[in-house]
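Inside the fold
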Amino acid sequence: MRILWLGTGFLALAALVWGGYEVSVPAVVLNLAVGLAFIGAGIEAADRRPDSSSGQLMIAVGLAWFVRLTGAVEADWAYAVGVATKTLYLAMLGHLLVTYPTGRIASRWQRVVVGVAYLLTVPVNVGYLLLTPFDGPQNIVVIREVPASRVPVVAVVVLVAGIALLVALLARMITRWLRSGSVARRDLAPVVWGGAAIVLTLVVTYAAALLGLPAAVQVPLQWSTEVVLVGWPLALLYGLVRARLDQSAVGELAVSLGAGLPGDLRSVLARTLHDPSLQLVHGDVPAAPGVTYLEAGGTRLCALVHDPALDPSFVRAVAASAALAVQNELRARRIVEAADEARRQVERDLHDGAQQRLVSVLLTLRLAENSPELLTAAREELARALDELRELARGIYPVLLTDAGLGPALLSLAERSAVPVVLGGVPDERLSPVAERTCYFVVAEALTNAAKHARAGEVLVEVGCVDGLVTVDVSDNGVGGADVAGSGLRGLDDRVAAVGGRLTVRSVEGEGTTVRAEFSDSRP
């Protein structure tokens, strides 16, 4: 494609400089600039936005502009080609204007406008060549005054029709812009206002030629049209690739959300997406254009209701960053709440269990000064209180895990389980303290959930470590249908996520539940 840009530019330069006519340096520079701007911007747009045909249309406009420069060659055939294709670029320009940014015809009015535009160019120009006496070739590229007395009747009709078409096109462009939402207006702004400038200069230029205005008016208007044509492709290119440029905002959003959720997440997302109408909706929102869900770990957190004109990939990237931040925030809250609940549970266990037994022992000892039976009862009560304290301490942190390792700790856990447990396998080597604690508490919490909800007859526990990847599988033969969003499994997910791992749950009605945790061992 780069060869196309350089090759056509060189051919156009050769026609202007060595074609046989005298062409001024400003005219050479400006004509080359218009064609190269459209072809270069079109190549870049086609590379960056392969989903849009606007890049190919921009290339076509540039090529049509260069083809008309054949008229700068001093030869009969070149004059004929130049005249036949002199206004072809205008039809392609209209095609680009009405179909931007997709570049594809999608409605009847677009098809009519584009069809009429092409009919008013090459077919009319060829008819002009066939019906008009040939007085010899002349340079049709140089900008000059067109006296009204020398404009043929056919050309007058064509110019009037062209002016009417351009005015209708301008009105349609502005109407489309006014009826669009804020996002679509932002995308359409380059084509609407740049196209409006080109259309207005063309209309005024054609009107000046029809009215036979002096050269002091006509020539500057023609120059201004070409000047606008040089800059407009760059604006179109910016409009086409702006969605890609906006992707850099996703990184900035992720960094800002990494420090914690802002007080007004909606405003932050609306600013990133350039959509003031964006809304964050919690609850059930039916799928529809303009609705993107914030999901994490298979759980739907909320929904973004936004302008449907937004680039879907851009919205999904922003939603993914926001969902991760929301998930981390919710996970942090759940961890804090779980820690607080654990402290409250310890307090209740101490108050309702060991503390009550110790108070009872104290009262018994006061009454047991002359009663051996009461002393025996007091010793038994003290033994039970001691057992409760040991059990409570073991639940807070298992000393056996530190002293003997994961295998003995899990064996002790299995022996004390309310559901029969089969310990299938445990790594022979010691894991890191963090990995052993994670394995232990995942198994402990999974066994607790199985005892409470699964109605299982047996639980199989397997722990493995291969190449630093630790896996914990806890499977039961219970009723299945576990609530993945429940507090128990959510707590397991939070615990595994805290060490950079992943928790998966398979629970089919009547087929039991399998909980699998995977994480990397952080041993040095």
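Read on for an overview of the structure. Since the structure is predicted, the reported quantities are computational estimates derived from the model, not experimental observations. (Residues numbered from 1 in each chain as written. Predicted model: local features only at pLDDT ≥ 70, side-chain atom pairs only at ≥ 80, totals over all residues. Heavy atoms only, no water.)

**Some thoughts on the pairing of strand E6 (residues 469–476)**
Summarising burial for E6: 6 of the 8 residues are buried, a large majority. Strand direction decides the pairing type here: strand E5 (residues 459–466) and E6, joined by 8 bridges, are antiparallel. Considered in E6, the bridge of Gly464 is made with Thr471. Once E5 ends, the chain turns through 2 residues before running back antiparallel as E6, passing Asp467 with a positive phi of about 55°. Summarising the sheet, E6 and strand E8 (residues 513–520) pair through 8 bridges and their orientation is antiparallel. Each residue of the ladder has a partner; that of Val474, found in E8, is Val515. (Buried < 20%, exposed > 50% of the residue type's maximum accessible area, 1.4 Å probe, protein only. Helix = DSSP H or I, 4+ residues; strand = E, 2+ residues; numbered from the N terminus. Pairing = 2+ DSSP bridges.)

**Quick notes on the packing of helix H4 (residues 76–84) against helix H7 (residues 122–131)**
The N-to-C vectors of H4 and H7 enclose an angle of 140°; their axes lie 8 Å apart at closest approach. With respect to H7, the axis of H4 lies oblique. Residues Tyr79, Ala80, Val83 and Ala84 of H4 pack against Val122, Asn125, Val126, Tyr128 and Leu129 of H7. Tallied by class, the residues present in the contact of H4 with H7 amount to 8 nonpolar, 1 polar and no charged. (Axes fitted to C-alpha atoms, helices over the stretch in contact; angles between N-to-C directions. Parallel < 35°, antiparallel > 145°, perpendicular 65-115°, else oblique. Contact = heavy atoms within 4.5 Å. Nonpolar A, V, L, I, M, F, W, Y, C, P; charged D, E, K, R; others polar.)

**With respect to the environment of Leu170**
Checked against the element boundaries, Leu170 lands in helix H8 (residues 153–179). Residue class for Leu170 comes out buried when judged on its relative accessible area of 13%. Measuring from C-alpha to C-alpha, the distance between Leu170 and Trp193 comes to 9.6 Å, with 23 residues separating the pair along the chain. Contact partners of Leu170, with chain neighbours within four places excluded, come to Ala196, Val199 and Leu200.

**Digging into helix H16 (residues 406–415)**
When we look at burial in H16, the residues that qualify are Leu406, Ala409, Leu410, Ser412, Leu413 and Ala414. Turning to H16, the residues buried within the fold contact helix H15 (399–404), strand E4 (421–425), helix H17 (433–454) and E5.

**Regarding the nonpolar core**
Within the largest apolar cluster, 55 residues are counted, with the highest numbers of intra-cluster contacts made by Leu16, Phe38, Val191, Leu229 and Trp232. Beyond its immediate chain neighbours, meaning those up to four positions away, Trp232 contacts Phe38, Leu93, Leu96, Leu97, Pro190, Val191, Gly194, Gly195 and Ile198. Cys439, Val459, Cys465 and Val470 belong to the second largest nonpolar core, which has 35 residues in total. (Core = buried A, V, L, I, M, F, W, Y, C linked by side-chain atoms within 4.5 Å.)

**Let's talk about the pattern of salt bridges**
Taken as a whole, this structure holds 5 salt bridges when the rule is applied. As a salt-bridge pair, Glu436 and Arg430 come within 2.7 Å of each other at their nearest N and O atoms. Accessibility expressed as a relative area gives 4% for Glu436, which makes it buried. Here Glu518 ties to Arg516 by a salt bridge, and the two come within 2.9 Å at their closest N and O atoms. Arg516 gets classed as partly exposed once you look at its relative accessible area, which sits at 29%. A network of salt bridges, in which partner residues are shared, links Asp473, Arg502, Arg516 and Glu518. (Salt bridge = Lys/Arg side-chain N within 4 Å of Asp/Glu carboxyl O.)

**A closer look at the pairing of E8**
Summarising the sheet, strand E7 (residues 502–507) and E8 pair through 6 bridges and their orientation is antiparallel. Bridging across to E8, Arg502 finds its partner in Glu518. Count of turn residues in the E7/E8 antiparallel hairpin: 5 residues, of which Gly510 carries a positive phi of about 80°.

**As for a nonpolar patch on the surface**
A surface patch of nonpolar side chains, amounting to about 490 Å² of accessible area, comprises Phe10, Leu11, Val17 and Trp18. Note on placement: Leu11 falls in helix H1 (residues 2–18). (Patch = residues over 30% accessible without salt bridge, like charges linked within 9 Å, V, L, I, M, F, W, Y side chains within 5 Å. Areas by Shrake-Rupley, 256 points an atom, 1.4 Å probe, with all protein chains shown as cover.)

**Some remarks on unusual backbone geometry**
Of note in this structure, Arg455 is not a glycine but carries a positive phi near 50°. Positionally, Arg455 belongs in the loop between H17 and E5. Even without a glycine there, the phi angle at Asp467 is positive, about 55°. One can find Asp467 in the loop between E5 and E6.

**Considering the packing of helix H2 (residues 25–48) against helix H3 (residues 54–68)**
Contact geometry for H2 and H3: axes closest at 7 Å, N-to-C directions at 160°. When the axis of H2 is compared with that of H3, the two are roughly antiparallel. Considering how the two elements wind past one another, H2 and H3 form a crossing that is left-handed. Taken together, the residues of H3 that come into contact with H2 (itself represented by Asn31, Leu32, Val34, Gly35, Leu36, Phe38, Ile39, Ala41, Gly42, Ile43, Ala45 and Ala46) are Gly55, Gln56, Met58, Ile59, Val61, Gly62, Leu63, Trp65, Phe66 and Arg68. (Left-handed = near helix turned anticlockwise from the far one by under 90°.)

**Re the sheet that holds strand E3 (residues 299–305)**
With antiparallel pairing, 3 strands are arranged side by side in an open sheet as E1-E3-E2. Only two strands of the sheet have a single neighbouring strand rather than two, namely strand E1 (279–281) and strand E2 (291–296). Each strand axis lies, on average, 30° off the axis of its neighbour in the sheet, ignoring direction. Sheet analysis places E1 next to E3, joined by 3 bridges and oriented antiparallel. Of the residues in E3, the one forming a bridge with Val281 is Ala303.

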